[in-house]
Amino acid sequence: MSETKQLIKIVLNGKEQEVQSGLSVSDLLLKWKIRPELVTVEINETILQKLDYDGTKIQDGDHVEFVFYMGGGDQ
Amino acid sequence: MITIPKRVYTEMIAHAKKGYPNETCGILAGPPPKADGSAGALVAEKPNVADVFYPMTNTDNASISYFMDPKEQLQVFKDMRQKVLEMRGIFHSHVASEATPSQKDVRLAFYPEVSYLIVSLTNLEKPVLRSFHIKEEKVTEEEIKIV
């Protein structure tokens, strides 16, 4: 029997979005085709360690922010 | 083309010189396009204007590379949202080479919709500022208009 996933509301980079419940941060990044090694993820004002991406489940009402790394230079 | 007020240009160069001989970095922001009311189309009233400069910390603290502090980045993104601004450019300095994107600059360009501005400080008295779009590792130079 297939499990019906509920939708939850989150605020992603300032915009409200609906996502399936039970997703981890890693699942969300995969869904959005974002390589986890290239972004910083913050949930409810706390920056997550990459090691926690798999184990952190997105909750209803979470404020999620992500930014791509900005770097470079001469060499 | 990216349009930068003289005041913002001055802030960028001052930030780059203050951090010399290390590379420095910053984020440029500007107003979003405004609706012209015709069929919901969006037309930029001031296309690609960057009238706000956020000086950022180079956490590499080095003369050959820069890396922005992710915590500062998040703060700036929230500030831009609060002030209804959009990111227009990512700025950094080269202290010993031309104002052209290095391989590393190209590899680490993850925002194809914004301008990548580089100032060369090989001659501190005559900084050279250039701007590029970098999309899928393809580099295209654009004109800078200082107003």
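Starting afresh in each chain, residues are numbered from 1 along the sequence in its written order. As a convention, the first chain written is A and the first ligand written is 1, with the rest following in written order. Where totals are concerned, whole chains, interfaces and linings use all residues; where local detail is concerned, this predicted model gives features only for residues with pLDDT of at least 70, and gives and counts side-chain atom pairs only at 80 or more.

A. A look at the overall build of chain A. Runs of E in the DSSP output that reach at least two residues are strands. Runs of H or I that reach at least four are helices, and both are numbered from the N terminus. When helices and strands are tallied, chain A shows one helix and six strands. For chain A, the succession of helices and strands along the chain, N to C, is β-β-α-β-β-β-β. Across the 75 residues that make up chain A, the buried fraction comes to 19%. Throughout, a pair of residues is in contact if the C-beta atoms placed from their backbones lie within 7 Å. Contacts spanning at least 24 positions in sequence make up 51% of the contacts within chain A whose residues lie at least 6 apart. Note on burial: count the other C-beta atoms lying within 10 Å of the residue's C-beta; 20 or more is buried, 12 or fewer is exposed, in between is partly exposed, and C-beta positions come from the backbone.

B. Quick peek at the pairing of strand E3 (residues 39-43) of chain A. Residue and element names in this part refer to chain A. Relative to strand E5 (residues 63-68), E3 runs antiparallel, the two sharing five bridges. Within E5, the residue paired with Glu 42 across the bridge is Glu 65. Strands pair, by our definition, only if DSSP identifies at least two bridges between them. Sheet topology places E3 next to strand E4 (residues 46-47); two bridges connect them, and they run antiparallel. Bridging across to E4, Ile 43 finds its partner in Thr 46. Linking E3 to E4, which pair antiparallel, is a turn of two residues; within it Asn 44 sits at a positive phi near 50 degrees.

C. Region of interest: unusual backbone geometry. At the junction of B:Tyr20 and B:Pro21, the peptide bond is cis and its omega measures out at 15 degrees in the coordinates. Checked against the element boundaries, B:Pro21 lands in the loop between helix H1 (6-19) and strand E2 (25-30). Look at A:Asn13: it is not a glycine, yet its phi comes out positive at around 45 degrees. In this fold, A:Asn13 is placed in the loop between strand E1 (7-12) and strand E2 (15-20). In this model, A:Lys33 sits at a positive phi of 60 degrees, which is unusual for a non-glycine residue. Looking at the secondary structure, you find A:Lys33 in the loop between helix H1 (25-31) and E3.

D. Highlighting the sheet that holds strand E7 (residues 86-94) of chain B. Residue and element names in this part refer to chain B. Pairing in this open sheet of six strands is mixed, and the strands run E5-E2-E7-E8-E9-E10 from one edge to the other. A single partner strand is all that each edge strand has here, and the edge strands are strand E5 (52-56) and strand E10 (138-142). Across the sheet, the mean angle from the axis of one strand to that of its neighbour is 30 degrees, orientation sign disregarded. The pairing of E2 with E5 spans five bridges and is classified as antiparallel. The residue of E5 that forms the bridge with Ala 29 is Val 52. Angular values range over 0 to 180 degrees, each being the angle between N-to-C directions of two axes fitted as lines to C-alpha atoms, with helices fitted over their stretch in contact. Contacting E2, E5, E7 and strand E8 (115-120), H1 runs over the sheet at an angle of about 10 degrees to E5.

E. Geometry of the environment of A:Lys9. Residues and elements named next belong to chain A. Mapping Lys 9 onto the fold places it in strand E1. For Lys 9, a count of 11 C-beta atoms within 10 Å corresponds to the exposed category. The spacing of Lys 9 and Asp 52 is 43 residues in sequence and 21 Å in space, taken between C-alpha atoms.

F. Local environment of helix H2 (residues 70-82) of chain B. Taking 1.5 Å per residue, 13 residues should reach 18 Å; H2(B) reaches 18 Å between its end C-alpha atoms and fits that length. For H2(B), the full list of buried residues reads B:Gln73, B:Val76, B:Phe77 and B:Met80. The arc enclosing the buried residues of H2(B), seen along the axis, measures out at 100 degrees, which places them on a common side. Against E3 and E5 of chain A together with E2, E5 and E7 of chain B lie the buried residues of H2(B). To estimate the expected span of a helix, subtract one from its residue number and multiply by 1.5 Å. Working note: the arc is built from the helix axis to C-beta atom directions.

G. Layout of the pairing of E1(A). Residue and element names in this part refer to chain A. Sheet topology places E1 next to E2; six bridges connect them, and they run antiparallel. Within E2, the residue paired with Leu 7 across the bridge is Gln 20. As consecutive antiparallel partners, E1 and E2 are separated by two residues, and within that stretch Asn 13 has a phi angle of approximately 45 degrees, a positive value. Summarising the sheet, E1 and E5 pair through two bridges and their orientation is parallel. Residue pairing for E5: Val 11 is matched across the bridge by His 63.

H. Representation of the nonpolar core in the model. Under the definition applied here, buried Ala, Val, Leu, Ile, Met, Phe, Trp, Tyr and Cys residues are grouped into a nonpolar core through C-beta atoms within 7 Å. Formed by 45 residues in total, the largest nonpolar core has its most connected members in B:Ile27, B:Leu28, B:Ala29, B:Ala50, B:Tyr54 and B:Tyr116. Once residues within four sequence positions are removed from consideration, B:Ile27 is found in contact with B:Tyr54, B:Met56, B:Val76, B:Met87 and B:Ile90.

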